Amino acid sequence: MKVAVISFQGDVFEHIRMTRDAMKELGIEGSVVAARRRKDLEGADAAILPGGESTTISKRLRASGMDEKLRKMAGEGKGIMGTCAGCILLAKKGDDEVEKTDTELLGLMDMEIDRNAFGRQRESFETELDVEGIGSVNAVFIRAPAILRTWGDCRIISEFKGMGVAAVQGKLMALSFHPELTDDNRIHREFLRNASED
Ligand code: GLN
């Protein structure tokens with residue numbers, strides 16, 4: 001299995017390390033690569049979109065042609081996980097800020113997000129969350145988005161303060177928070193387990 005971590009911004013190294021550990025623990029053979037160009041996604045079975053600044057990441061995805069390639073991967077039923085800014089980019093519907101900043105979402109998951117839902121209250125915080133299918137996790141939120149509503153096949157699997165903070169749709173997974181900043185790789189394991197299924 002080849003997993004590509006989009007490496008324009010964010011916790012790229014932490015995602016790579018956590019994915020490698022998770023693969024080892026699951027007994028999945030393969031490689032985890034940092035992807036900066038479209039060709040780095042060639043042959044990838046799964047991709048991870050880290051956090052950062054969604055406007056900047058969206059521009060770089062478009063300039064590199066990786067946006068199209070990620071849409072193609074999703075269409076082929078490959079797994080994509082987005083954390084924080086990555087969660088925003090996976091959504092089909094953004095908020096006013098997404099519109100004002102001309103942020104082009106990948107539009108892969110049937111969900112509407114509020115880009116800075118938690119950021120306005122407090123820049124960053126940690127809390128215990130219950131995630132369906134995984135259990136209790138320690139979640140780190142940094143200027144985090146919320147998933148306001150879902151439709152179609154998209155399903156919220158964790159909530160905080162009445163708002164969605166994790167969702168799945170087939171092999172796509174969106175998280176408002178940063179699992180890569182903890183030492184608990186259960187979310188990465190769940191993503192890989194699901195992504196590696198036929
Ligand atoms: N809210 C940020 C954005 O709009 C994302 C923050 C993060 O990824 N830590 O891009």
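Refer to the structure presented above.
The sections below set out a description of the structure shown in this document.

Cut-offs and rules
- Residues numbered from 1 in each chain as written.
- Predicted model: local features only at pLDDT ≥ 70, side-chain atom pairs only at ≥ 80, totals over all residues.
- Heavy atoms only, no water.
- Helix = DSSP H or I, 4+ residues; strand = E, 2+ residues; numbered from the N terminus.
- Buried < 20%, exposed > 50% of the residue type's maximum accessible area, 1.4 Å probe, protein only.
- Contact = heavy atoms within 4.5 Å.
- Core = buried A, V, L, I, M, F, W, Y, C linked by side-chain atoms within 4.5 Å.
- Near = heavy atom within 4 Å.
- Polar contact = N/O pair within 3.5 Å; in protein donor to acceptor, adjacent residues only side chain to side chain.
- Nonpolar A, V, L, I, M, F, W, Y, C, P; charged D, E, K, R; others polar.

Attention shifts here to the environment of E190. Within the secondary structure layout, E190 lies in helix α6 (residues 186-195). Overall, E190 belongs to the partly exposed group, its relative accessible area being 26%. Separated by 102 residues in sequence, E190 and I88 have C-alpha atoms that sit 20 Å apart. In this structure, E190 is in contact with I134 and M173, ignoring residues within four places of it in sequence.

The subject of this paragraph is the nonpolar core. One finds V3, F118, L129, F141, F177 and I187 to be the most contacted residues of the largest nonpolar core, which totals 35 residues. If sequence neighbours within four positions are ignored, I187 has contacts with M81, I134, V137, M173, L175, F177 and P179. The next biggest cluster of nonpolar side chains, apart from the first, holds 33 residues, and it includes A4, F8, L41 and C87.

Attention now goes to the site of the ligand. The full set of residues close to the ligand is G51, G52, E53, S54, C84, A85, I88, R115, N116, I142, R143 and H178. Here an oxygen atom of the ligand and a backbone polar atom of S54 are 2.6 Å apart. One of the side-chain N or O atoms of R115 is found 2.4 Å from an oxygen atom in the ligand. For the shell around the ligand, the per-class residue count stands at four nonpolar, five polar and three charged.

Let us now look at the environment of A35. Tracing the sequence through the fold places A35 in strand β2 (residues 31-35). On the basis of relative accessible area, A35 is assigned to the buried category, the value being 0%. Measuring from C-alpha to C-alpha, the distance between A35 and E128 comes to 31 Å, with 93 residues separating the pair along the chain. What A35 contacts, discounting residues up to four positions off in sequence, is A4, V5, I6, S7, D40, L41 and M66.

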